[in-house]
Amino acid sequence: MIYDRSNIFARILRGEIPCKKVYEDPYALAFHDINPQAPTHILVIPKGPFCSFADFSAQATEQEITGFIRAVGLVARQAGLDDSGYRLLANHGPDSHQEVPHFHVHIAGGRPLGKMLA
Ligand code: AMP
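First things first, this report covers the structure right here in the doc.

Parameters and conventions
Residues numbered from 1 in each chain as written. Predicted model: local features only at pLDDT ≥ 70, side-chain atom pairs only at ≥ 80, totals over all residues. Heavy atoms only, no water. Helix = DSSP H or I, 4+ residues; strand = E, 2+ residues; numbered from the N terminus. Polar contact = N/O pair within 3.5 Å; in protein donor to acceptor, adjacent residues only side chain to side chain. Contact = heavy atoms within 4.5 Å. Pairing = 2+ DSSP bridges. Axes fitted to C-alpha atoms, helices over the stretch in contact; angles between N-to-C directions.

Considerations on the environment of Tyr23
Tracing the backbone shows Tyr23 in strand 1 (residues 21–24). Sequence-wise, Tyr23 and Glu62 are 39 residues apart; in three dimensions their C-alpha atoms are separated by 21 Å. A distance of 2.7 Å separates the side chain of Tyr23 from the side chain of Asp25, its partner in a polar contact.

Here's the deal with the environment of Cys51
By the secondary structure assignment, Cys51 is in the loop between strand 3 (40–46) and helix 2 (53–59). Spatially, the C-alpha atom of Cys51 lies 21 Å from that of Arg87, the residues being 36 residues apart in sequence. Those residues in contact with Cys51, other than ones at most four positions away along the chain, are Met1, Ile2, Tyr3, Gln98, Val100, Pro101, His102 and Phe103.

Some words on the sheet that holds strand 5 (residues 105–109)
The strand order across the open sheet built from five strands is 1-2-3-5-4, with neighbouring strands paired in antiparallel fashion. The open sheet terminates on both sides in strands that have one partner only, identified here as strand 1 and strand 4 (86–89). Taking each pair of neighbouring strands and ignoring which way they run, the sheet shows an average axis angle of 20°.

Here is the structure:
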């Protein structure tokens, strides 16, 4: 799949449209989901042009992967979710209903989330 530079998260990364930013470093940007499914629902995206987890896990450098994973953990910790718990979710491809073709991890928490795919 060829990366679509006009996708909404690419536009957020370029500063063309706003987001409710909660964290940024050289590897990742994190912001509140516009349509939250839980009291805390944050999206973490890598800075590089990766379509999905499949693309990121295969093509990203070790530094990009390490930096991104550390950022996800930091954002969840800073959101105060370490003790109560949280769910990470990343969609890839049609069966997953991935809507935005820039790799992103959802961090959801702030209430009991129920069974995994309920
Ligand atoms: P996915 O189905 O995994 O691709 O999830 C895409 C997510 O992006 C959804 O939860 C949307 O609510 C969220 N979303 C779409 N546009 C924006 C935006 N401009 N700012 C923040 N979140 C967004």
